[in-house]
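Structure assessment
Each chain, written out:
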Amino acid sequence: MVRIVDRLRQRSQANFFGRETELLRFQQSLSEEVPQVSVFLLHGPGGIGKTALLERMRELAHQAGLDVVQLDGRSIEPSIYGVLQGLASHLRLGAEQAQLEHILQAWRSQPRRLLVIDTFEHLRHLSLWLRDEVLAELPQQSLVILAGRDTPTDLWLTDPVWRHGSHVIGLRNLPTQACEQALIARELPPPQRLAITKLSHGHPLAMMLLADLVKAKGKVPEALDTDLIRKLTDCFASQTPCPLHREALELSALARVTTEDLLALVDAARAAELFEWLASLSFMETAPDGLFPHDLVRDAITSEMRWRNPQKLTQTSERLLKHHVQQVHSGGPALRQRGALDIVYLNRGHPVMQAFIDFAALGSVHCDRAHLKDLPVIAELVLQELGSEHEALMQRWLNHPAAGWWVVREPNGRIMTAMLLLDLSAMSPQDLCGDPMLTQLLDWVARQPTLRPGERVLCSRMAVTRNGVTNDGVYINALQTRTFLMWMTEPALALFALCNKDPDHWVPMMSHIDFHLIEPKGVDMDNQHHGTFAHDWRAVPMNLWLNKLGASQVPVGQSRPATEIGLTVQVLTEQRFKEAVQDALKRWQDPLELGRNPLLQSGLVHTTRLPAEEAATTLRRLITAAGDRLANHPRHAKFLKTIELTYWRPAGSQELAAERLGLPFGTYRYQLRMAIDRLSQALWHQETQGPGAADG
């Protein structure tokens, strides 16, 4: 008769994939009459697949003829007596024989056994007794697996006797190939398999939860939903002894790296204790400059905060931002560089920034000033990637004291990315003539408020990345971090401009960080299109700009008021204002495009925006409210219906909208134009007369 548990184990084995490397040493010990490695120390965070691997190891031991004795630290009394009771029960000894001498005697009757203790973190305080009093006395043919969340202590790794017979297995996420195999077994199509692997980061529990969700709903979610977040966060955060430790864990999920100094933001008196506790968690990893949690842990805890307590998420982000800004302004070069990386990392959760910055690799390479010997290599790179016109300009400014190159190198010293920085305030008109990009930039500068004595204009004139690099974003991010640091530390900086090839590609990110195209048409050079983005640091100074940047951590529906973020009001002409209204209607169903609308920086939006409202939400509310008011007038109502069926509740096409309204297509187009004109006029009236003004 096949037992239920046997059938379930067979199913578990059929769905076990990967872990070949982790199993290799264990299988070798199984094949040895007297194993060289007798104790396997298996550890990893909750949901990483310890139980599945233990089951596979147990099955392999069974196939090799070993009897398996398995205990779970959660289900026995966490004492010497509890362990002895558990061992005696598995060896079929009576309660009165739950003594070490009887247990060892029974074990020796069949020395080829495997002892498995799962959830060993509950018995960690018994490690010394278990090692020296129990395991030391087992027959040499025996094998032992101790599995838990905690990393093994020095008790095993530094002891001159046990370190030779012990082997540590630290579980990480599954590689892509194993994920693929597991999801093929769940009969999921390739696009869904790829999306699940990416979203789960290869974490087994997350992957299976997502697979279940996809099988039920038919599509992969864009992010971990509330139920998944709860389950995952329960796994990751169940080890927090008290609310203070939970706060430290949440801070580590938001910070790029966590140090003892940073934990003083939680509790200065207990910072050392909190750091030691974080370092002991199996899902925390070490970097040269601190600790950081596994990516999935970051995602789960941050998403949980965003869902459960968005205000706390905002407050924690602001505390981190303030700390890192102080770091940039008070530390030496290395500390300033770290502070800049840390501030950039706070934008990790923003979808626009995720598309342009490889946050996982942030800080892996660094940007430094080029050496004289680098210039011929850079010139060749400029010629290859930008063309002869740019290479000629480079040669022209080669020895100018106001021109300098910054480079990012591979570990072997090879230049991968380079950027030319010009201090335009220290260059003459003759130095700058002949460059159409700078001609356009200088025209824009002339239209801005006059520079005061000592104020400077810096321009990243050209940047090149070696073609064919697998992940060029790593090197580009290093340049971006360097320019970010310049914005924060360069003295008397009034204006900063960046000249980019293919400016349309960069618009989403540049708009997010409040850099805007100075001329939409741009310039064509070397058969490529170029554009210049600029920011006026006098209009939006650094402290207000950082507040605005920090607002990206605020969840949707929890935005700060415009006055707090420090946005400037954009004064639009009547024609430009009405064009923006029409554009907002056209982009109504696209939040990203609507988020670029000029009206978001208009006085109309700023003066009516609610404390907990996104600017785009304010714009939608204002437009629909104006439409509702117009619809109350009989002479406007029929016109407003065309807007509703075209943009707000689209019928699918203008032809279908006309059909639904029972209008000839020409009449429908006329009424739509009239409706947009009247709606724009009503909003313009509010813009010029104030939000309380009555519509005409």
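Before reading on, note that the structure itself is shown above.
This write-up is about the structure you can find in this document. Just so it is clear, the structure is predicted and the values come from calculations on it, not from any experiment.

Our focus in this paragraph is the sheet that holds strand 5 (residues 166–170). Picture the strands of a sheet paired through backbone hydrogen bonds; they go either parallel or antiparallel. Here we have five strands laid out as an open sheet, ordered 2-3-4-1-5, and parallel in their pairing. Strand pairing shows two members of the sheet lacking a second neighbour, strand 2 (67–72) and strand 5, which therefore form its edges. Averaged over all pairs of adjacent strands, the angle between their axes in this sheet comes to 15°, without regard to strand direction. In the packing of helix 2 (residues 20–31) onto the sheet, the strands contacted are strand 1 (39–43), strand 3 (113–118), strand 4 (143–148) and strand 5, and the crossing angle to strand 4 comes to about 155°. Against the sheet, helix 3 (residues 50–63) engages strand 1, strand 2, strand 3, strand 4 and strand 5, with an angle of about 170° to strand 3.

This part is about unusual backbone geometry. In this model, Arg 92 sits at a positive phi of 60°, which is unusual for a non-glycine residue. Here Arg 92 lies in the loop between helix 4 (80–90) and helix 5 (100–108). Of the residues examined, Arg 92 reaches a relative accessible area of 76% and is grouped as exposed. Residue Asn 527 is not a glycine yet carries a positive backbone phi of 60°. Along the chain, Asn 527 falls in the loop between strand 14 (523–525) and strand 15 (528–536). Take Asn 527: its relative accessible area is 85%, and that puts it in the exposed class.

This next bit is on the pairing of strand 1. One face of the sheet, then the other: side chains in a regular strand alternate in exactly this way. The element strand 1 is extensively covered by neighbouring structure, given that five of its five residues are classed as buried. The two faces of strand 1 match: Val 39, Leu 41 and His 43 on one face and Phe 40 and Leu 42 on the other face are all buried. The pairing of strand 1 with strand 4 spans five bridges and is parallel. The partner of His 43 across the bridge, within strand 4, is Gly 148. Sheet analysis places strand 1 next to strand 5, joined by five bridges and oriented parallel. Directly across from Leu 41, in strand 5, lies its bridge partner Val 168.

Each full turn of the α-helix corresponds to 3.6 residues, which orients residues three or four apart in the same direction. An ideal rise of 1.5 Å per residue puts 20 Å on 14 residues; helix 11 (residues 204–217) measures up with 20 Å between its terminal C-alpha atoms. Looking only at helix 11, the buried set comprises Pro 204, Ala 206, Met 207, Leu 209, Leu 210, Ala 211, Leu 213 and Val 214. Contact partners of the buried residues in helix 11: helix 9 (176–185), helix 10 (190–200), helix 12 (226–237) and helix 16 (295–308). Following helix 11 by one or two positions, Gly 218 has its phi on the positive side, about 85°.

Cut-offs used in this document
- Residues numbered from 1 in each chain as written.
- Predicted model: local features only at pLDDT ≥ 70, side-chain atom pairs only at ≥ 80, totals over all residues.
- Heavy atoms only, no water.
- Pairing = 2+ DSSP bridges.
- Helix = DSSP H or I, 4+ residues; strand = E, 2+ residues; numbered from the N terminus.
- Axes fitted to C-alpha atoms, helices over the stretch in contact; angles between N-to-C directions.
- Contact = heavy atoms within 4.5 Å.
- Buried < 20%, exposed > 50% of the residue type's maximum accessible area, 1.4 Å probe, protein only.
- Expected span 1.5 Å × (residues − 1).

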